[in-house]
Amino acid sequence: MANISLDGANELMKKIDWMEDRINRMANKALREAAKPVAEAMRANVNVSNKEHVHIRDDIKISGVRTKEDTKYIDVGPGKDTAWRAKFLEFGTSHAPPYPFIEPAIKETKEEVKRILRESLKAGLGG
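Conventions adopted
- Residues numbered from 1 in each chain as written.
- Predicted model: local features only at pLDDT ≥ 70, side-chain atom pairs only at ≥ 80, totals over all residues.
- Heavy atoms only, no water.
- Salt bridge = Lys/Arg side-chain N within 4 Å of Asp/Glu carboxyl O.
- Bend = angle between axes of the 7 residues up to and from the residue.
- Helix = DSSP H or I, 4+ residues; strand = E, 2+ residues; numbered from the N terminus.
- Buried < 20%, exposed > 50% of the residue type's maximum accessible area, 1.4 Å probe, protein only.
- Contact = heavy atoms within 4.5 Å.
- Expected span 1.5 Å × (residues − 1).

## Overview of the pattern of salt bridges
All chains considered together, the criterion is met by nine salt bridges. Residue R66 pairs with D75 through a salt bridge whose shortest N-O separation is 2.5 Å. Linked through salt bridges whose partners overlap, the residues forming this network are E112, R115 and E119.

This is the structure we're talking about:
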C-alpha cells in the first residue's frame, strides 16, 4: 500500500479559510455601500405628511447582510414602525392613488449600484 503525504496541507487550508473570510468581508462591505444610494433615493422620493408621527422618510433602513440559498443580499426600505403605511403609498388604496417611491428608487439607482459593486469588488481584489 502506498503512503502519500502532503506537506503544508494544514497551512494551505488555513490560507484558503483566511482568503474566504476576506472575500466575504469585502462582499459584505460592497453590498452595504451599494445599498446607500437606494436608501437615499427612497428618502428623497417618498411623500411626507404634515402629521406628527414617525415619517417613512425618517425610517428607511438598511439591514445587515443576509444570505439565502448561497446568495448575499441586503434589505433596504421602511422599518417596522412605518412599513405598514409604506405599502399604501407604494400601491395606493381604493381611496388614494399610488405614490410609489420604492420601485422608482431601485430603478433610478440600478446603474449606480452596479458601479459601486463593481468598483468595490475590484478594489478589494487589488485591481
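## Examining helix α3 (residues 102-124)
Given 3.6 residues to a turn, an α-helix orients residues that are three or four positions apart in the same direction. Largest kink in α3: about 55 degrees, centred on T109. Among the residues of α3, A105, T109, V113 and I116 are the ones counted as buried. Buried residues along α3 sit against α1 (9-45). Immediately beyond the C-terminal end of α3, within one or two residues, lies G126, with a positive phi of roughly 85 degrees.

## What to know about unusual backbone geometry
Its identity is not glycine, yet E69 carries a phi of approximately 50 degrees, on the positive side. Tracing the backbone shows E69 in the loop between β2 (66-68) and β3 (71-73). Its identity is not glycine, yet D70 carries a phi of approximately 65 degrees, on the positive side.

## Topic: α1
The terminal C-alpha atoms of α1, which comprises 37 residues, lie 55 Å apart, in line with the 54 Å expected from a rise of 1.5 Å per residue. Buried residues along α1 sit in contact with β1 (60-62), β3, β4 (76-78) and α3.

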